[in-house]
Amino acid sequence: MRWPYENKTDEVIHHRSSVLILGGGIAGCMAAIGASIEGDDVLLVDKGCVRYSGAGGSGCDHWESAATNPCSTVSPEELTKAMLDDNDGYNNAISHYIECVEGWDRLQDIEKMGGKIRDTEDEFVGAAFRDEKTKLLFAYDYKARTTLRIWGTTFKPAMAKELKRLGVKICERIMVTGLLTEDGCIGGRCVGAVGFDVRTGAFHVFQCKTAVMCMSRPARVWIFSAAYPGLCEFRPTNCIGDGHAMGWRAGAEFTLMERSVKGEFSAAGRSYPPYMAGNNHNTWYATDLIDAKGRAIPYADRDGNILTDVSQRFYPAKDQPFFLKGGAIDEPLFDIAGPETLPYEQLHEKGYQLPFYADLSELPQEERKVIWGMMVGQEGKTQVPVYRYLIEQGFDPEKHVLQCYGTGWKSAEFLPKERQLFGIPGGFMHDWDLQTNLPGLYCAGDVLFSSDCYGHAAATGHYAGRHAAHAAKNLDYKALTKSQVDEEHRRIYAPLQDQDGIRWKELNEAIAKTMQNYCGEVKCDGLLKTGLEELEKYEQNVLPHLYAANPHELMRLIEVEDVLTVAQLIIHSSLNRRRDCKQAHFYRSDGEAGPSEPFIVVRKTQDGVKARQVSLDFAGDLRTNYALHSLKGGNDSERV
Amino acid sequence: MSAFEIRPVEAAKPICVDETKCLRCGQCVEACAIDVLVQEAGSVPFAAYADECWYCGCCVMECPNGAISLHHPLMNQPRFVEKKRLTEE
């Protein structure tokens, strides 16, 4: 079958903008908006279409940790401290503080753009989760009121419209494949990027004064399905860690890339689509769960007290200031643990029988309505695939109960060696300006180390964008290095030649199996080094013999080359952490004795991989440093 | 007797376009962030790379005429029952 787009692989298109935004998801769009406010010209480039791209493209139901919203009873300092304490300091204080302080500001911006952030239709008047004055709705802890329920399906289209209104240059369907550095040197200032059109194959060269890296986090490093690659991971197929790969190649610093968890989700065979099977997690909190005989499964607070009323599920325990639930909260420590159904082991002992079911039928009406039709409906990938689908199948939340699979929301079990970058994995290292060690390269959203979720992406996006624009004012354009551009051109287009070459799926499967074998649950130098050798063999022997039939397939192939680079980065990071680190889920069979090392920061140089240690509290005092660095003035001066 | 064909065996068919309702506007193609849909000039779009679909449903949300529908593979269709059945037995 003929490829319907024109072949433009011999075309070269040049772009120039003060600020270049790499990625058009939530972080990228908010970065472009933040940068535009400073007045400079801004160009945003996205692999897909800005209206629906990114992990939050199809919606979101919860905006976490907006500690400065008018109803919040928790300060940004308290909330950030809780997140840090929950991980013994192995978390991103800077990015989460920005999230906690500025999340509410960004939500108001999105409202002005046309996104729906409050119950303007008065659907939930009188609900315990609603503030009557502001009409804001809250999730999880109704006393803390730091996480809002939002109509996230309206957000991305609103942002796309705003970008046009602001005059941001938008380049869609272009995959950026590499960063350009000053004099083409590894570790040099970021001066641009290159990429190609995923429909026509045209080559694009971007020159900029500063750039913001917003390309989400890696995926498909350990888990792959040739039959359902689009269902392998939680995020979209094309959120694959291109940013991490090109950053590593350019000499950027990374930390905590050795942190991974046993697989939690893959609908490519095991899990069901997110929030489509019975569960009481996030979107479905705090629905009733029942067993096969219709017996209600008890909820307990963190002290083990069985809750007797639904309303108790939304308030902290006695002597507990607040609890946290949400994307990055997996197995919370006691201090912030919220109500939960009893663990399966206890239920089994008490005679509860599988399968369990999620039961909305006996919830107070407003709790049922806010889950079924709002949370399920506004959360990404739920409006059509879950809400409309189940209704079409005849599901009635007042009559039917939805089966749970396995014993938790993940709806599946994985082997310890089948790992994922879930929760708060590693990413780019940065400073209080969200600038990386590559001068001129800023970063936002899930590319940051220990970062997660929608409000975080929006807050850090705007912050990084305005810093990039501010810095660009005092910078000149630097010449691009022809040899660096030419080498990237050669690398990108090579796979279009050899029709007998290896296709992207075969390579992705091989990388995943290699990582399972050599970089599984328990690490040791012998296995890690062998794994690195195997990956280097793919680099030497396989990359020159790949084939892509058209620019779309080329996109998938270059993504897999990026998976290979990320796998190497993960192994290098693992080699450089010599001791066990519980908070990084990192264990060695050959570990040195002694307390866990703090952040281990790695980067690629001319002379190989270098590592250094950075103290867990390198962010310093949050209020002071935020005041010094945030570039905010005006109505926020009372905060600083 | 008509001749047989060799055809690829799909693991799933997520996207279904009703030709009688399709306006050939191409909005579904432009809405797909993963670019799985293609449209030859004036004809009905189809999923050239259906295996890459991440089942977000944005194409369905975007279609102005309800022509496109999303289908989960059999293995991903969860079960639900009438609650009273559980207590009846």
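For the structure, see preceding data.
The paragraphs below set out a description of the structure included in this document. Per chain, residues are indexed from 1 in the order of the written sequence. As they are written, the chains are lettered A onward and the ligands numbered 1 onward, keeping that order. This being a predicted model, a pLDDT of at least 70 is required before a residue's local features are given, and a value of 80 or more before pairs of side-chain atoms are given or counted; all residues contribute to the totals for chains, interfaces and linings. Only hydrogens and water are set aside; all other atoms, that is, all heavy atoms of the structure, feed into the side-chain values.

## Description of the overall build of chain B
Inference 1: Summing up its helical and strand segments, chain B has three helices and five strands in all.
Inference 2: Shown N-terminal to C-terminal, the secondary structure of chain B runs as helices and strands in the order β-α-β-β-α-β-β-α.
Inference 3: Whereas a compact globule of 89 residues would reach a radius of gyration of roughly 12 Å, chain B reaches 17 Å, over 25% beyond that.
Inference 4: Projected onto its principal axes, the C-alpha coordinates of chain B cover approximately 55 × 40 × 25 Å.
Inference 5: Residue pairs in contact within chain B that sit at least 24 positions apart in sequence constitute 49% of those at least 6 positions apart.
Inference 6: Surface accessibility follows the Shrake-Rupley procedure with a 1.4 Å probe radius. Residue values consider only the protein chains on display as shielding. Surface accessibility of chain B: about 5,100 Å² in total, with carbon and sulfur atoms responsible for 54%.
Inference 7: Looking at chain B, you have 8 positive and 13 negative side-chain charges, and the mean spots of the two groups are 12 Å apart. Only DSSP runs of H or I reaching four residues or more are called helices, and only runs of E reaching two or more are called strands; each is numbered from the N terminus. What the globule rule says is 2.2 Å times the number of residues to the power 0.38, and the radius of gyration is computed from C-alpha atoms. In what follows, a contact means two residues having at least one pair of non-hydrogen atoms within 4.5 Å. In this tally, Lys and Arg are treated as positive and Asp and Glu as negative; His is ignored, and so are the chain termini. Where a charge lies is defined by one atom per residue type, namely NZ (Lys), CZ (Arg), CG (Asp) and CD (Glu).

## Topic: the overall build of chain A
Inference 1: Summing up its helical and strand segments, chain A has 15 helices and 23 strands in all.
Inference 2: For 640 residues, the compact-globule formula gives about 26 Å, and the C-alpha radius of gyration of chain A, at 24 Å, lands near that figure.
Inference 3: Taking the principal axes of the C-alpha coordinates as reference, chain A spans close to 70 × 60 × 55 Å.
Inference 4: Burial here depends on accessible area, computed with a 1.4 Å probe over protein chains only, as a share of the maximum for the residue type. Under 20% is buried, over 50% is exposed, and the range in between is partly exposed. Within chain A, the fraction of its 640 residues that count as buried is 65%.
Inference 5: Long-range contacts, defined as pairs at least 24 residues apart, comprise 74% of the intrachain contacts of chain A with a sequence gap of at least 6.
Inference 6: If you sum the accessible surface of chain A, you get close to 22,500 Å²; carbon and sulfur atoms cover 47% of it.

## Quick word on the interface of chain B and chain A
Inference 1: Opposite the 39 residues of chain B that make contact, chain A presents 67 residues.
Inference 2: At the boundary of chain B with chain A, total buried surface from both sides reaches about 4,400 Å², with 60% on carbon and sulfur atoms.
Inference 3: In what follows, salt bridge is the name for a side-chain nitrogen of Lys or Arg lying within 4 Å of a carboxyl oxygen of Asp or Glu. Taken together, chain B and chain A are joined by eight salt bridges.
Inference 4: Between Asp35(B) and Arg173(A) there is a salt bridge, and its shortest N-O distance comes to 3.5 Å.
Inference 5: Pairing of N or O atoms within 3.5 Å defines a polar contact, subject to two protein rules: one partner must be a possible hydrogen donor and the other a possible acceptor, and residues neighboring in sequence count only if both atoms are side-chain atoms. Where chain B touches chain A, the interface holds 27 residue pairs in polar contact (both at pLDDT 80 or more).
Inference 6: Of all the secondary structure elements, the ones that give two or more residues to the side of chain B that touches chain A are helix H1 (27-31), helix H2 (58-62), strand E5 (80-82) and helix H3 (83-88) of chain B.
Inference 7: Among the elements that line the side of chain B that touches chain A, the one with the most residues is H2(B), at four residues.
Inference 8: Polar here means any residue outside two lists: the nonpolar Ala, Val, Leu, Ile, Met, Phe, Trp, Tyr, Cys and Pro, and the charged Asp, Glu, Lys and Arg; Gly therefore counts as polar. Considering only residue class, the side of chain B that touches chain A consists of 24 nonpolar, six polar and nine charged.
Inference 9: Alignment of strand E16 (residues 400-403) of chain A against E5(B), held across three bridges, turns out to be antiparallel. Using a 1.4 Å probe, buried area is obtained as the accessible area two parts lose upon being combined, added over both of them. Strand pairing is assigned whenever DSSP detects at least two bridges linking the two strands.

## Some words on the packing of aromatic side chains
All names here are of chain A.
Inference 1: Here a pair means two rings of Phe, Tyr or Trp (six-membered ring of Trp) with centres within 6.5 Å. Their orientation is stacked below 30 degrees between planes, edge-to-face above 60, and tilted elsewhere. Enumeration according to the criterion identifies 30 aromatic pairs over all chains in this entry.
Inference 2: Centroid distance Phe 449 to Phe 599: 5.3 Å. Interplanar angle 65°. Geometry classified as edge-to-face. One end of the pair, Phe 449, is in the loop between strand E19 (441-443) and helix H10 (454-472); the other, Phe 599, is in strand E22 (residues 599-605), and 150 residues separate them in sequence. Here the two residues Phe 449 and Phe 599 agree in accessibility, since each one is buried.
Inference 3: Against the face of Tyr 352 rests Arg 295, its NZ or CZ located 3.9 Å from the ring centre.
Inference 4: To sit over a ring, a charge needs its Lys NZ or Arg CZ within 6 Å of the ring centre and within 35 degrees of the ring normal. The aromatic ring of Phe 334 is capped on one face by Arg 302, whose charged end is 4.1 Å from the ring centroid.

## Quick look at the sheet that holds strand E18 (residues 427-428) of chain A
Residues and elements named next belong to chain A.
Inference 1: Pairing is antiparallel in the open sheet, where four strands are placed in the order E18-E10-E22-E23. Of all strands in the sheet, those bounded by a partner on one side alone are E18 and strand E23 (608-614).
Inference 2: Here E22 pairs with E23 via seven bridges, running antiparallel. Each bridged residue has a counterpart across the sheet, and for Ile 600 the counterpart in E23 is Gln 613.
Inference 3: Packing against the sheet, helix H14 (residues 551-576) makes contact with strand E10 (254-255), E22 and E23, and its axis sits at approximately 130° to E22. Helix axes are fitted only over the stretch in contact, all axes being lines through C-alpha atoms; the angle between N-to-C directions runs from 0 to 180 degrees.

## Description of the pairing of E16(A)
Inference 1: The pairing of strand E15 (residues 357-359) of chain A with E16(A) spans two bridges and is antiparallel. If you follow Tyr357(A) over to E16(A), its bridge partner there is Gln403(A).

## Looking at the sheet that holds strand E12 (residues 288-290) of chain A
Inference 1: If you trace the four strands from one edge of the open sheet to the other, you get E12(A)-E15(A)-E16(A)-E5(B), paired in antiparallel fashion. Each end of this open sheet is capped by a strand with a single partner; those strands are E12 of chain A together with E5 of chain B. Pairwise comparison of adjacent strand axes, ignoring direction, gives a mean angle of 35° for this sheet.

## Digging into unusual backbone geometry
Residue and element names in this part refer to chain A.
Inference 1: With an omega of 0°, the peptide bond running from Tyr 285 to Ala 286 counts as cis.
Inference 2: Of note, Ala 286 is situated in the loop between strand E11 (261-262) and E12.
Inference 3: A cis amide bond, omega 0°, links Leu 354 with the succeeding residue Pro 355.
Inference 4: Structurally, Pro 355 can be placed in the loop between helix H6 (344-349) and E15.
Inference 5: Positioned with a positive phi, Leu 256 is a non-glycine residue whose angle comes to about 60°.
Inference 6: Residue position: Leu 256 is located in the loop between E10 and E11.
Inference 7: Residue Leu 256 is classed as buried on the basis of its relative accessible area, which comes to 0%.
Inference 8: The phi dihedral of His 585 falls on the positive side, at around 50°, and the residue is not glycine.
Inference 9: With respect to the helices, strands and loops of the structure, His 585 is situated in the loop between H14 and strand E21 (587-588).

## Some remarks on the nonpolar core
Residue and element names in this part refer to chain A.
Inference 1: With 171 residues, the main nonpolar core has Leu 22, Trp 63, Val 212, Met 213 and Met 515 as its most contacted residues.
Inference 2: Among the elements that line this core, the one with the most residues is H14, at 13 residues.
Inference 3: Beyond its immediate stretch of four places on either side in the chain, Met 515 contacts Val 221, Trp 222, Gly 520, Leu 535, Ala 567, Ile 570 and Ile 571.
Inference 4: Buried residues of nine kinds, namely Ala, Val, Leu, Ile, Met, Phe, Trp, Tyr and Cys, make up a nonpolar core once their side-chain atoms join them within 4.5 Å. Among the nonpolar cores identified, the runner-up in size contains 41 residues, and Tyr 285, Ile 297, Phe 314 and Trp 372 belong to it.

## Focus on H10(A)
Owing to its 3.6 residues per turn, the α-helix brings residues three or four apart onto one side.
Inference 1: A helix is expected to span 1.5 Å multiplied by its residue count minus one. In this model, H10(A) (19 residues) spans 27 Å end to end at C-alpha, consistent with the 27 Å of a helix rising 1.5 Å per residue.
Inference 2: Most of H10(A) sits out of view: 17 of its 19 residues are buried.

## Some thoughts on the pairing of strand E7 (residues 174-181) of chain A
Residues and elements named next belong to chain A.
Inference 1: For E7, the tally of buried residues reaches eight of eight residues, placing the bulk of the element in the interior.
Inference 2: Pairing analysis gives seven bridges linking E7 to strand E8 (residues 190-197), with the strands arranged antiparallel. Across the sheet, the residue bridging to Met 175 is Phe 196, located in E8.

## A look at the environment of Glu88(B)
Residue and element names in this part refer to chain B.
Inference 1: Residue position: Glu 88 is located in helix H3.
Inference 2: Look at Glu 88 and you get exposed, because its relative accessible area is 57%.
Inference 3: Considered as a pair, Glu 88 and Leu 37 are 51 residues apart in the sequence and their alpha carbons are 47 Å apart.

This is a description of form; function is not addressed.
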